[in-house]
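Residue strings, one per chain:
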Amino acid sequence: MNEKLLKPYNPKETEARIYKQWEESGYFNPDKLPERHKEAFSMVLPPPNVTGILHMGSALMLAVQDIIIRFERMRGKKTLWIPGTDHASIATETRFIKEKKISKRDFTEKRDEFVELVNDYALSNQKVIIEQMRTMGASLDWSRAAYTLDNERKTAVTEAFIKMYESELIYMGKGKIVNWDVKGQTVVSDDEIEYESVKTPLYTFRYSKDFPLPISSTRPETKVGDTAVAVHPDDERYRQFIGKTFKINFVDTELNIKIIADPSVEPDFGTGALGVTPAHSKIDEDIASRHNLESVQIIDELGRMNEKAGSLKGKKILEAREIVVQYLKDNSLLEKEEVVDQNKPKAQRSGGIIEELPKRHQFFVNVNKPIKERGGKTLKELMRESVTSGKIKILPERFEKIYLNWIDNLRDWSISRQIWYGHQLPVWYKYPAPTDDSTDFFKVSKIKPEGSGWKQFEDTLDTWFSSGLWSFSTLGWPEKTEDFKNYHPTNVLETAYDILFFWVARMILMSQFLIGDVPFRTVYLHGLVRDEKNRKISKSLGNNIDPAEMIKQFGADAMRMAMVIGTSPGNDSKISTDKFKAYKHFANKIWNVSRFVLTNSEEIDYSNKVTLSTEDREYVEEFEKIIDDITDDMDNFKFYMAAEKLYHYFWHSFADIIIEKSKEKIWNGTAEEKASAQWTIFHILERSLRALHPFMPFVTEEIWSMVPIKNKKMIIVESWANKKYDHKI
RNA sequence: GCGCGCUUAGCUCAGUUGGUUAGAGCACCUCGUUUACACCGAGGGGGUCAGGAGUUCGAAUCUCUUAGCGCGCACCA
């Protein structure tokens, strides 16, 4: 009888020691697992950002994924779970600038110096995060740890970019409209925009007194960039004007407005006439390209009117709007002013206004281009088919519909960012760049091209470009490594639903094009963790529960159970300190039950037959049935269910009934009754510890070290509790 | 506009293909402490399963519908 057992369970004294034992055992590394582990099972950890400390969402994902990997390891799989961290380009750089109160302008000629500072900052954060992942008990193979910006991953990113460029999937958009984040001073993708619904005035007016048709706009200041008015071809009201061009003076700017007919115009919306601003609206850009209209940029990258805006030059957007509205009033051009609902686009990361404007030298991924190497299918089709064919299963299923809905509306992915911390594009040009964007002024290449004067493009890649390669870049791709052969496609991708498009979809895109296969078989999505008032946990609300603090107070096992129980797939979950407390009590319950069983039973030799009483046999059979159920739940990703069943069985059947009844038999029963009862409680405890291990690895490993079983190993590599996986001890 | 969810006990949520008296945790109430555990045990109260209609021998579960809440995408002249 171990003296440790006499005191209450103390996670603090136990966890770090156990984690060290696991690491020393090498069992996190599939190459060092015992013989019986043959069939490969792999997962990649969604790499946490190196922007700061671990949050509740990461704690949830670590808990769930570690449960999966420990379960499969016990079932005899050759398990690989790859850790890593994400440089999170835009997020890290923004955070660094804010925290250190640094201005990029001070580094105008010293980009390398700046990048090095950000990198130091990132790596020091990385250490903290990695340490916290360990405290969760995560059985990650640290020998294979990756960083999205390390050398191996740089090689993968460059290779991917060049391959995509050669297949004409990556192209340079020559003055194509981008989403410009005025505050963050960078281009962002469509997915990085959030919409805020606001009330805003909609003005209905004419450019000038003699202009025949009124138009409506919430942004009259952009109308100085108009080159056409579009009407529906069947609209009787305006048919007579189609094809005519009007020369007008609008707020001191000369405009040439051509009246065009385009079926995309809704006759019933507003006046049925649409002022076309080709430089500042993607829709208008499309109309303009159909009608060969001139495009005039009138807003600059600082969010001000430029020299093409005449007297408005230099004015901020809102100032310009006021001036224009005043002009309309002064000249009796304003016909109507009404308040309408509008979705105002904002940059998700910086919170800044998004302006649509044309920008040169920006790169895009074409999602509609047929790919020769992939049977003429487009990226969009490949992404779609991966799921519709059933090759990838998304759980819960409703997210498959959400995914497909997103694919159907997908536009080309803009991948250039005006951020310094990240993967610089492998694209070179002769300085200075030509002004006319002639087709071959740049070269795509791993290294600087021969000859003098070559300069690398300043821009870096969208951080999700490197994350998209994660399922195979972590396995050594583009090298043909053993790891890649053995572990790709990975089995399960477990992540939060809010990065389904950002990450999951991009991984499918990259893998389908570069590998010709899916990156994983099953996508299991968990929800967001919210506080007890159902608010999203965030720094600004100050409602952040620090996982590290919870682990200190209640132990990692309690933390894991609290994260998992009550958390159904794809649904947001609520967390409160009460929940941690409840499972801390449970850890102690397991401890106390073990103390009782181990002091009241002896070493079990499973080769010796014990004749069980009818009652005890029923207990054992009932237990086996429950373990079968739990195994099913695990197979179906119902971890919340499995955990709850285990909790309930262990406490309210095993402890409250079976153990209570065994006391009488052990203390006052016949020799047969005693032996039967002892065997039963020992057997159920021993099996329960195995079943509990994926969920509560520390306390079960600690107790296992005291359980008198012949030839036992650490519980982390023992067989799963299910009879099917029973092998003689 | 297109699409997807949710509404079950005071709170947080389960409830698989329709099948006895609808479950759990927390909270609450009563009783109990010399021998595994008060981080405990025994017992208890509490629900028109959002409203309505239908299918069925039978509906929390399937269909339609109303209301409220939430989410994704698109539009946003």
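Keep in mind that this is a model prediction, so the values were computed, not measured.

Calculation rules
- Just so you know, the residues in each chain are numbered from 1, in the order the chain's sequence is written.
- Labels are handed out in written order, letters beginning with A for the chains and numbers beginning with 1 for the ligands.
- pLDDT decides what is reported in this predicted model: residues at 70 or higher carry local features, side-chain atom pairs at 80 or more are listed and counted, and totals for whole chains, interfaces and linings draw on all residues regardless.
- Note that water and hydrogens are dropped before the side-chain values are worked out from all heavy atoms of the structure.
- By definition here, a salt bridge exists when the distance from a side-chain nitrogen of Lys or Arg to a carboxyl oxygen of Asp or Glu is within 4 Å.
- Numbering of helices and strands runs from the N terminus, with a helix taken as a DSSP run of H or I at least four residues long and a strand as a DSSP run of E at least two residues long.
- Three exposure classes are used, based on accessible area relative to the maximum for each residue type with a 1.4 Å probe and protein chains only: buried under 20%, partly exposed in between, and exposed over 50%.
- Lines fitted to C-alpha atoms define the axes, with helix axes restricted to the stretch in contact, and inter-axis angles between N-to-C directions lie between 0 and 180 degrees.
- Angle categories: roughly parallel below 35 degrees, roughly antiparallel above 145, roughly perpendicular from 65 to 115, and oblique for all the rest.
- Handedness of each helix crossing follows the sense of rotation of the near helix against the far helix: counterclockwise by less than a right angle gives left-handed, clockwise gives right-handed.
- Every residue pair with non-hydrogen atoms within 4.5 Å of one another is taken to be in contact.
- Basically, the charged four are Asp, Glu, Lys and Arg, the nonpolar ten are Ala, Val, Leu, Ile, Met, Phe, Trp, Tyr, Cys and Pro, and anything else, Gly included, counts as polar.
- Each patch is built from residues that are more than 30% exposed by relative accessible area and take part in no salt bridge. Like charges join if they lie within 9 Å; nonpolar side chains (Val, Leu, Ile, Met, Phe, Trp, Tyr) join within 5 Å.
- Accessible surface area values rest on a Shrake-Rupley calculation with a 1.4 Å probe, where residue burial reflects the displayed protein chains alone.
- A residue counts as positive if it is Lys or Arg and as negative if it is Asp or Glu; His and the chain ends are not included.
- Think of each charge as sitting on NZ of Lys, CZ of Arg, CG of Asp or CD of Glu.
- We call two strands paired when DSSP finds no fewer than two bridges between them.

(A) How the structure looks around the pattern of salt bridges. Counted under the stated rule, the structure contains 52 salt bridges. Across the pair K661 and E615 runs a salt bridge whose closest N-O atoms are separated by 3.5 Å. Here K661 is found in helix 18 (residues 639–668), whereas its partner E615 is found in helix 17 (residues 614–635), with 46 residues between them in sequence. With a relative accessible area of 42%, K661 lands in the partly exposed category. Judged by relative accessible area, which is 29%, E615 ranks as partly exposed. For E718, the salt bridge goes to R690, with nearest N and O atoms at 3.7 Å. Here R690 lies in helix 19 (residues 671–692) and E718 lies in the segment after helix 20 (697–704), a separation of 28 residues in the sequence. Exposure class is identical for E718 and R690. Each is buried. Three or more residues joined by partner-sharing salt bridges are found here, namely D31, D141, R144 and D483.

(B) Seen up close, the packing of helix 8 (residues 379–388) against helix 9 (residues 398–408). Across the interface, helix 8 lies against helix 9 with an axial gap of 10 Å and an inter-helix angle of 165°. What the angle tells us is that helix 8 and helix 9 run roughly antiparallel. Judged by the sense of rotation from one axis to the other, the crossing of helix 8 with helix 9 is left-handed. For the pair helix 8 and helix 9, the contacting residues are K380, M383, R384, V387 and T388 in the first and E400, Y403, L404, W406, I407 and D408 in the second. Within the contact of helix 8 with helix 9, the residues separate by chemical class into 6 nonpolar, 1 polar and 4 charged.

(C) Here's a closer look at a negative patch on the surface. A cluster of acidic residues, D112, E113, E116 and D120, forms a negative patch at the surface. Summarising the element assignment, E113 is placed in helix 4 (residues 111–135). Judged by relative accessible area, which is 43%, E113 ranks as partly exposed.

(D) Quick look at the sheet that holds strand 25 (residues 520–526). The sheet built from 3 strands is open, its strands ordered 17-25-24 with parallel pairing. Every other strand in the sheet has two partners, leaving strand 17 (393–395) and strand 24 (490–496) as the edge strands with one partner each. Looking at each pair of strands side by side, their axes are set apart by 15° on average, direction ignored. Each of strand 24 and strand 25 touches helix 2 (residues 56–74); the most contacted strand, strand 24, lies at about 155° to it.

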